[in-house]
Amino acid sequence: MIFFSVLLLVLLLAGGGILFRHVIRLEKRIAAEKAAGTRGKKMRYEACEECVASLGWINVGGNGFIALVKCFLGIVGRSTALFADGIHSFGDVFGSVTM
């Protein structure tokens, strides 16, 4: 059980770190555009527009994966708290899809 807990922690940290770095770069770009007065106009590179459009689905996929892993580990480890946290994570997925 400890192995699965450590594996879950590593997956969460790795996935969260990648997404966090990407979001920080986007926030810096938005702040620079606001300062330059160009916010609201089309982005300089088309690849950036595609990347921004995919961030929501990355969020949904990541949260869905985390929810499944938490529910699975909660059932295997007979932990009602972890299972309940997995169900709560499905709520996050639902919220992300509706937004």
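Keep in mind it's a predicted model, so treat the numbers as computed, not measured.

## Quick notes on the overall build of the protein
Then comes step 1: Regarding its fold elements, the protein presents three helices and zero strands.
Then comes step 2: When the helices and strands of the protein are listed from N to C terminus, the series reads α-α-α.
Then comes step 3: Taken across its 99 residues, the protein has 18% of its residues classed as buried.
Then comes step 4: With an accessible surface of roughly 7,400 Å², the protein has 69% of that area assigned to carbon and sulfur atoms.

## Some thoughts on helix α3 (residues 80–98)
Then comes step 1: For α3, spanning 19 residues, the distance from its first C-alpha to its last is 27 Å, which sits close to the expected 27 Å at 1.5 Å a residue.
Then comes step 2: Those residues of α3 lying buried are Gly-86, Ser-89 and Val-93. One side of α3 carries all its buried residues, which in axial view fall inside an arc of 55°. Among the exposed residues of α3, those oriented more than 90 degrees off its buried face are Thr-80, Ala-81, His-88 and Phe-94.

## Some thoughts on unusual backbone geometry
Then comes step 1: For Arg-78, which is not glycine, the phi torsion reads 55° and is therefore positive.
Then comes step 2: Assignment of secondary structure puts Arg-78 in the loop between α2 (46–76) and α3.
Then comes step 3: When its relative accessible area of 78% is taken as the criterion, Arg-78 is described as exposed.

## Considerations on a nonpolar patch on the surface
Then comes step 1: On the surface, a cluster of nonpolar side chains totalling about 470 Å² of accessible area is made up of Leu-68, Ile-75, Phe-83, Ile-87 and Phe-90.
Then comes step 2: Sorting the residues of the nonpolar patch by element identifies α2 and α3 as the ones contributing at least two each.
Then comes step 3: If one sorts the elements of the nonpolar patch by residue count, α3 sits on top with three residues.
Then comes step 4: Note on placement: Leu-68 falls in helix α2.
Then comes step 5: By relative accessible area, which is 54% here, Leu-68 ends up exposed.

## Some words on the side chain of Ser-89
Then comes step 1: One can find Ser-89 in helix α3.
Then comes step 2: Taking relative accessible area as the criterion, Ser-89 reaches 6% and is therefore assigned buried.
Then comes step 3: Beyond its immediate chain neighbours, meaning those up to four positions away, Ser-89 contacts Asn-63, Ile-66, Ala-67 and Lys-70.

## Remarks on the environment of Val-69
Then comes step 1: Secondary-structure assignment places Val-69 in helix α2.
Then comes step 2: In this structure, the C-alpha to C-alpha distance between Val-69 and Phe-83, residues 14 residues apart in sequence, is 9.3 Å.

Parameters and conventions
- Residues numbered from 1 in each chain as written.
- Predicted model: local features only at pLDDT ≥ 70, side-chain atom pairs only at ≥ 80, totals over all residues.
- Heavy atoms only, no water.
- Helix = DSSP H or I, 4+ residues; strand = E, 2+ residues; numbered from the N terminus.
- Buried < 20%, exposed > 50% of the residue type's maximum accessible area, 1.4 Å probe, protein only.
- Areas by Shrake-Rupley, 256 points an atom, 1.4 Å probe, with all protein chains shown as cover.
- Expected span 1.5 Å × (residues − 1).
- Arc of directions from axis to C-beta.
- Patch = residues over 30% accessible without salt bridge, like charges linked within 9 Å, V, L, I, M, F, W, Y side chains within 5 Å.
- Salt bridge = Lys/Arg side-chain N within 4 Å of Asp/Glu carboxyl O.
- Contact = heavy atoms within 4.5 Å.

Such coordinate-based values are descriptive only and should not be taken to indicate function.
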